[in-house]
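Remarks on the overall topology
One-letter residues, chain by chain:
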Amino acid sequence: MNNTIRRLAMPMIGTLVASVTVLASPSPALAGGCNWLTPCGEAQNNSPWTILTTEVLGTKGPHWCDVWNKDGGTTDSPWHATCDQKPLAPGKHRGGGNVDVDAVTFADRDYVVKVNGRLVGWKTRGVWTRIHSNEDVVCFKNSNGDPMCEVY
């Protein structure tokens, strides 16, 4: 490679390497276990009732959350964890992008849970359902008129 080509190419190669490094590095906002490869957990409240969500399950917060499925999924594994409980009004959503919802509950009523197509059953009001970073949960009024949260 002659000197003129080398002088022109080297700054472009350095810029390309720096750009790839920035794109491949997780941003602080995505430190909750989600990034451009694994989307953040998201909650959609399609019910007529307010639900609660948390984004800091087990890491900090002024509240406590009693989770029935510590590791997510359908297995009962109770966990009493710190959290920050945030109300989510009917018709609203939270999460996705750079916000990672970790769990949801109905504070004032028992609710039905379905995870990845499997009916889990009834959960007591205030007991939290954990979701993974790459999952979404939709809470709604089912055909029987019962509150229900379905994890996808």
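Residues numbered from 1 in each chain as written. Predicted model: local features only at pLDDT ≥ 70, side-chain atom pairs only at ≥ 80, totals over all residues. Heavy atoms only, no water.

Side chains I51 and T53 project from strand 2 (residues 51–54) onto one buried face, and the interleaved L52 and T54 project onto a second face that is buried too. Strand direction decides the pairing type here: strand 2 and strand 5 (residues 86–88), joined by three bridges, are antiparallel. What sits directly across from I51, in strand 5, is L88. Where strand 2 lies against strand 7 (residues 103–105), three bridges are found, and the strand directions are antiparallel. Looking at the pairing, L52 lines up with T105 of strand 7. (Buried < 20%, exposed > 50% of the residue type's maximum accessible area, 1.4 Å probe, protein only. Helix = DSSP H or I, 4+ residues; strand = E, 2+ residues; numbered from the N terminus. Pairing = 2+ DSSP bridges.)

It is worth spelling out the confidence of the model for the protein at this point. Residues with a pLDDT of 70 or more make up 78% of the protein, whose mean pLDDT is 85. Scored below 50 in pLDDT, residues 15–31 makes six contacts in the model with residues more than four places away or belonging to other chains. (pLDDT = per-residue confidence, 0-100. Contact = heavy atoms within 4.5 Å.)

With that out of the way, let us pick up the sheet that holds strand 8 (residues 111–115). On the basis of which strands lie adjacent, the open sheet formed by six strands has the order 6-1-11-12-8-9 and mixed pairing. Of all strands in the sheet, those bounded by a partner on one side alone are strand 6 (93–95) and strand 9 (118–123). Recorded for the sheet is a direction-independent mean angle of 15° between the axes of neighbouring strands. Here strand 1 (residues 42–45) runs beside strand 6; their pairing, made up of three bridges, is antiparallel. (Axes fitted to C-alpha atoms, helices over the stretch in contact; angles between N-to-C directions.)

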